[in-house]
Amino acid sequence: MLAENCRSAFESIAAHSLRSFLTTLGIAIGVAAVVVVIALVQGMQAAIAEQFQGLGGNSLSIASFTPVEEAMKGRFARLSPEDLDLIASRVDGIASITPLLHSPLGAGGGIRYGSRTAFAPVQGTTHSYQDVYNAYPATGRFLSVADDRRRRRVCVLGDKTRQNLGLPDNPVGEYVELAGEWLKVVGVMEPRGELFGISQDDYVLVPYRTMRSLHGPGADADIAIQLAVAADADRDAVQHSIRRVLRRAHGLKPGDPDDFHIQTPDQIAAAFAAIGGTVTAVVGGIVGVSLLVGGIGIMNIMLVSVTERTREIGICKALGATRRQILLQFLTEALALSVMGGALGLVGGYGLASGIAALIPNLPSVVVPLWAIILAVGFSAGVGVAFGILPAAKAADLDPIDALRYE
């Protein structure tokens, strides 16, 4: 009976091909809109997750945290060089640790080479940076222990900054000016490309103690700390030890909130994933309204089909067809229309999303997860059943005598 219902449904669809195509088009447009949104958002999430994987699964980021209420009172939390020393000396299980001292020097006064000026983030760090971030120089060398200890005026550039300054492909030995200080270029880092149109290679790294000296004597610097946990250590235990050391150093009492944040790449990626999931749900729900419009189109065309085939239904009932058989026949036709529209929308949506990703520079490649495919086809089938049940029930409830008399 199922095979016969399918044959009858496709014969009816083929007999009114243009009408059937226009009906499925409403479902196809709705499914395509949902697929485009999901594919683009999921692609962005995958790109963000890939960036955080570069930090390694066993890394921790520590930064100061000031609640809005405290900031309004002019009281700001900070992490000091002493905090860095305490963590390095009292916490076991750390493979490598490096401070990050951000400076507005590059963004404010700019970095100069000859007649060209570039504006890029400037950070003070140590030789451990490359081990923590898995980032290594493509040309020259990285900052050394001696550079930091002797406060040498040297720097390592991101490849984008090198290009912006017009430096040669191998700029080792050249000098750039930063806040009135001349820094010798000792290396250029491996390029990492762009993410959402923002270059990941536009920065300057200088020795940590050199940066402190550029800040001036008595500057109350707030540093960030990045560390890699040893392979044989428990990351949660290390995180707990750091929290205990910092709370004691900052004089926090039991019940006082932390004035710092300790985060892992997993937590940061999960936060982005949660944002992406919310965006997908909200925008997908909005464009999903078009599926309801497509469903109304299916209901309308099925009601027309029932009216056109009234005498046929009467003959079938006179020959012994049951209410259930008539109901299934028209439900199968509605389901076929909606699934065809869903499949068409799925293919069209993926093609449209790929086209958008190709046309817009630096947009990550689209990703269509399996659950999105199942959702698109399943929801379109559900729409077909939901909006096809009324016309099918109307057909099944027709009186055979009245149906045979219908002109």
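All of these numbers come straight from a predicted model, not from anything done at the bench.

## Details of the nonpolar core
Counting 36 residues, the largest nonpolar core has Ile 62, Ile 87 and Ile 242 as its most contacted members. Among the elements that line this core, the one with the most residues is helix α10 (residues 235-249), at 4 residues. Not counting the four nearest positions on each side in its chain, Ile 87 is found in contact with Ile 62, Ile 94, Ile 97, Ile 225, Leu 227, Ile 242 and Leu 246. Core analysis: the next-biggest nonpolar cluster, separate from the first, contains 24 residues, Val 31, Val 35, Ala 334 and Leu 337 among them.

## Examining the confidence of the model for the protein chain
Of all residues in the protein chain, 85% have pLDDT values of 70 or greater, and the mean over the chain is 80. Element-level mean pLDDT values for the protein chain span from 50 in helix α5 (residues 105-108) up to 95 in strand β7 (residues 154-157).

## A short note on the pairing of strand β1 (residues 59-64)
Here β1 runs beside strand β13 (residues 224-229); their pairing, made up of 4 bridges, is antiparallel. When the bridges of β13 are listed, Ser 61 appears paired with Gln 226. Examined bridge by bridge, β1 and strand β14 (residues 260-263) share 4 bridges and lie antiparallel to one another. Each bridged residue has a counterpart across the sheet, and for Ala 63 the counterpart in β14 is His 261.

## A few points about helix α4 (residues 81-90)
Listed in full, the buried residues belonging to α4 are Pro 81, Asp 83, Leu 84 and Ile 87. Down the axis, α4 shows its buried residues gathered within 160° of arc, on one side only. In α4, those exposed residues whose orientation departs by more than 90 degrees from the buried face are Ser 89 and Arg 90. In the core, the buried residues of α4 are packed alongside β1, β2 (94-103), α9 (208-215), β13 and α10.

## As for the packing of helix α13 (residues 310-318) against helix α14 (residues 323-359)
Taken N-terminus to C-terminus, the directions of α13 and α14 make an angle of 140°; their axes are 10 Å apart at the nearest point. Where α13 crosses over α14, the handedness of that crossing is right-handed. Contacts between α13 and α14 involve Glu 312, Ile 313, Cys 316 and Lys 317 from the former and Ile 326, Gln 329 and Phe 330 from the latter. Residue classes in the contact of α13 with α14 are distributed as 4 nonpolar, 1 polar and 2 charged.

## Digging into the side chain of Arg 247
Following the sequence through the fold, Arg 247 ends up in helix α10. A distance of 2.9 Å separates a polar atom in the side chain of Arg 247 from the backbone oxygen of Asp 256. Excluding residues that lie within four positions of it along the chain, Arg 247 makes contacts with Leu 252, Lys 253, Pro 254, Gly 255, Asp 256, Pro 257, Asp 258 and Phe 260.

What counts, and at which threshold
Residues numbered from 1 in each chain as written. Predicted model: local features only at pLDDT ≥ 70, side-chain atom pairs only at ≥ 80, totals over all residues. Heavy atoms only, no water. Core = buried A, V, L, I, M, F, W, Y, C linked by side-chain atoms within 4.5 Å. Buried < 20%, exposed > 50% of the residue type's maximum accessible area, 1.4 Å probe, protein only. Helix = DSSP H or I, 4+ residues; strand = E, 2+ residues; numbered from the N terminus. Contact = heavy atoms within 4.5 Å. pLDDT = per-residue confidence, 0-100. Pairing = 2+ DSSP bridges. Arc of directions from axis to C-beta. Axes fitted to C-alpha atoms, helices over the stretch in contact; angles between N-to-C directions. Left-handed = near helix turned anticlockwise from the far one by under 90°. Nonpolar A, V, L, I, M, F, W, Y, C, P; charged D, E, K, R; others polar. Polar contact = N/O pair within 3.5 Å; in protein donor to acceptor, adjacent residues only side chain to side chain.

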